[in-house]
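# A look at the structure
Spelled out from the first residue to the last, the chains are:
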Amino acid sequence: MNLIEELRWRGMFHDMMPGTDEHLRQNAPITGYIGFDPTASSLHIGNLATIMLLVHLQRAGHRPLALVGGATGMIGDPSGKSAERNLLDEEALRRNQAGIQAQLEKFLDFNDSPTGARVVNNYDWFKEFGFLQFLREVGKHLTVNYMMAKDSVKRRISGNEESGAEGLSYTEFSYQLLQGYDFFHLYKELGTTLQMGASDQWGNITTGTELIRRMSGGEGKAYALTGQLITKADGTKYGKSETGTVWLDSTMTSPYQFYQFFLRAEDADAPRLIRVFTLLPQAEIEALEAEHAQAPHLRVLQKALAKDVTIRVHSEEAYEAALAASQVLFGGGELSSLDEATLLDVFAGVPHVEVSRALLPELNAVTLLSEATNAVVFSSKGEAKKMIQGGGVSLNRVKVIPDQMALDVPLLLDKYFVAQRGKKNYFLIKLV
């Protein structure tokens, strides 16, 4: 497999330094790396696109390194930012690094072979590197003019109010020098000759290749390759849902929410997303696209995308649970099959109301769904009775009649009713 060709047909390729393709072809296996900023305990969907660059590097017969920036994470990269971030302490960074490494191990093959993946932490070589020593050994090799010419610096250093920029601190200004030294260190110690990243990292990456050239007396040669930033068809950033960032950690974004995020992808976005986030071959993807074009309402592309990514990020079991939960809401699956966390996940966007458990023996369906629920489900007993008589109301998927006592309907998890009014209106009632 040729890495560049693979990235091109998947729409993942953005740019590379001259000679990169030849270097990959003629020197396999080469060692390439990508840096990950440990500012959270989990990576997110945006990072996943970058992880896939490492996955394809390894599949092409090369060795991937993932650099978790324990040192640079204490500063923060100014690329794509308009304001300086809060700085984390070492304990928080170590905790975040552990979570990130566990996630990377789901995608990359870690072994002792020439192509086995490895995680490194730049805090290990920066922790004993004194400030004066760094200036003498590293800082002298790059001019301020060179560093200020980078787009990420120029955008921030202007500090104009219209762009929302707040200027650039010296701390952030030094970031490219630190990242550049990372590349030099990995070049010298591990023979790393390629750094990859998203397109907004081009300036930082090429600083590294220049530093390698200068610090090795003009003899060192290293390469840069960037992938496309993942955006929606309308140009907006991809990776956030209505509730915020989509994380790879199941405690931060549940498998159900994760599955739904991909399932809801717009038709215009799905062809690109399935190329970037899955390893499905070109012929299979094109067959899915043809099938999708015949019946877009079946969302064949989105279902294939959501299934593949959910299984690889979480597990087959998590995918099956997410699928079952989706069918509960949209396909009539069994409510009783859901645990409490998934039940609350599925009905997170519907009105919630609490009812005193002590009142339950006295409530029939009409009263429960009107007065007892503070008119959230029905505004009056009359309205509730009319719709119940018409057969349009259920509790926990059981059709109810006006005089039916609420106690006659089996509770979910001994404390929940899912009330359904018509085909699409759901309410979650909790006994307290």
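Residues numbered from 1 in each chain as written. Predicted model: local features only at pLDDT ≥ 70, side-chain atom pairs only at ≥ 80, totals over all residues. Heavy atoms only, no water.

## Details of the sheet that holds strand β10 (residues 393-395)
Backbone-to-backbone hydrogen bonds join strands into a sheet, with any given pair of strands oriented parallel or antiparallel. Our working rule: For two strands to count as paired, DSSP must find a minimum of two bridges between them. Each helix is a run of H or I in the DSSP string that is no shorter than four residues. Each strand is a run of E no shorter than two, and both are numbered from the N terminus.
In spatial order, the strands read β9-β13-β12-β10-β11; together these five strands make up an open sheet with mixed pairing. Each edge of the open sheet is held by one strand with a lone partner, namely β9 (352-355) and β11 (398-399). In the sheet, β10 pairs with β11 via two bridges, with the strands oriented antiparallel. Counterpart to Leu395 in the pairing with β11 is Val398.

## With respect to helix α11 (residues 202-215)
Side chains three or four residues apart in an α-helix point the same way, a direct result of the helix having 3.6 residues per turn. Counted only if it meets this: A helix is expected to span 1.5 Å for every residue after the first. Each residue is placed in one exposure class: buried if its accessible area under a 1.4 Å probe, protein chains only, is under 20% of its type's maximum, exposed if it is over 50%, and partly exposed if it falls in between.
The first and last C-alpha atoms of α11 sit 20 Å apart over 14 residues, in line with the 20 Å expected at 1.5 Å per residue. Most of α11 sits out of view: 10 of its 14 residues are buried. All buried positions along α11 are accounted for by Gly203, Asn204, Ile205, Thr206, Thr207, Gly208, Thr209, Glu210, Leu211 and Ile212. Directly after α11, the chain includes Gly217, whose backbone phi takes a positive value near 65°.

## Here we look at the pairing of strand β12 (residues 416-421)
Burial analysis of β12 places five of its six residues in the buried class, which makes it a mostly covered element. In this structure, β10 lies alongside β12, joined through three bridges in antiparallel fashion. Across the sheet, Leu395 pairs through a bridge with Ala419, a residue of β12. Taken together, the six bridges between β12 and strand β13 (residues 425-431) define a ladder with antiparallel strand orientation. Paired with Gln420 across the bridge in β13 is Tyr426. In sequence, β12 turns back onto β13 through a hairpin of three residues, with Gly422 there showing a positive phi of about 75°.

## Overview of the packing of aromatic side chains
Heads up, the condition is: Only rings of Phe, Tyr and Trp enter the pairing, Trp through its six-membered ring, and a pair is recorded when the two centres are within 6.5 Å. The plane angle decides the type: under 30 degrees is stacked, over 60 is edge-to-face, the rest tilted.
The tally for this structure, following the rule as stated, stands at 13 aromatic pairs. Their ring planes at 80° and their centres at 6.1 Å tell us that Phe134 and Tyr181 sit as a pair that is edge-to-face. Taken together, the residues Phe134 in helix α6 (residues 131-137) and Tyr181 in helix α10 (residues 175-190) connect sequence positions 47 residues apart. Assigned by exposure class, Phe134 and Tyr181 land together as buried. Members of the aromatic cluster, joined through ring pairs, are Phe126, Phe129, Phe134, Tyr181 and Phe184.

## Section: the sheet that holds strand β3 (residues 63-68)
Here is the rule: For helices, the axis comes from a line fit to the C-alpha atoms of the stretch in contact; other axes are also lines fit to C-alpha atoms, and the angle between any two N-to-C directions lies between 0 and 180 degrees. When checking whether two residues touch, look at their non-hydrogen atoms; a contact exists if any pair is within 4.5 Å.
Across the sheet, six strands lie side by side as β1-β6-β5-β2-β3-β4; this open sheet has mixed pairing. The open sheet is flanked by β1 (13-16) and β4 (118-121), the only strands paired with a single partner. The sheet shows a mean angle of 25° between the axes of neighbouring strands, taken without regard to direction. Its contacts with the sheet put α10 on β2 (31-36), β3, β4, β5 (192-198) and β6 (223-227), and the angle it makes with β5 is roughly 145°. Relative to β6, α11 is tilted by about 170°, and along the sheet it contacts β1, β5 and β6.

## Comments concerning the packing of helix α13 (residues 270-277) against helix α15 (residues 300-313)
Here is the rule: Throughout, the term roughly parallel applies to angles under 35 degrees, roughly antiparallel to angles over 145, roughly perpendicular to angles from 65 to 115, and oblique to all others. Throughout, a crossing is termed right-handed when the near helix is turned clockwise from the far one, and left-handed when it is turned anticlockwise from it by less than a right angle. Residues are grouped as follows: Ala, Val, Leu, Ile, Met, Phe, Trp, Tyr, Cys and Pro are nonpolar; Asp, Glu, Lys and Arg are charged; every other residue, Gly included, is polar.
Contact geometry for α13 and α15: axes closest at 10 Å, N-to-C directions at 25°. As judged from the angle between their axes, α13 and α15 are roughly parallel. Remark: the crossing between α13 and α15 carries left-handed chirality. Within the contact between the two elements, α13 uses Ala270, Pro271, Leu273, Ile274 and Phe277 and α15 uses Leu301, Gln302, Ala304, Leu305, Asp308, Val309 and Arg312. Counted by class, the contact of α13 with α15 contains nine nonpolar, one polar and two charged residues.

## Here's the deal with the pattern of salt bridges
As a reminder, the rule being used: By definition, a salt bridge exists where a carboxyl oxygen of Asp or Glu is found within 4 Å of a side-chain nitrogen of Lys or Arg.
One pass over the structure, following the stated rule, counts 10 salt bridges. Here Glu6 makes a salt bridge to Arg59, at a shortest N to O gap of 3.7 Å. With Glu6 in helix α1 (residues 3-9) and Arg59 in helix α3 (residues 45-59), this residue pair connects regions lying 53 residues apart in the sequence. Using a relative accessible area of 11% as the deciding quantity, one classes Glu6 as buried. On the accessibility criterion, Arg59 (40% relative accessible area) is partly exposed. What emerges from the salt-bridge pattern is a single network uniting Glu5, Asp21 and Arg25.

In short, shape yes, function no, at least from these values alone.
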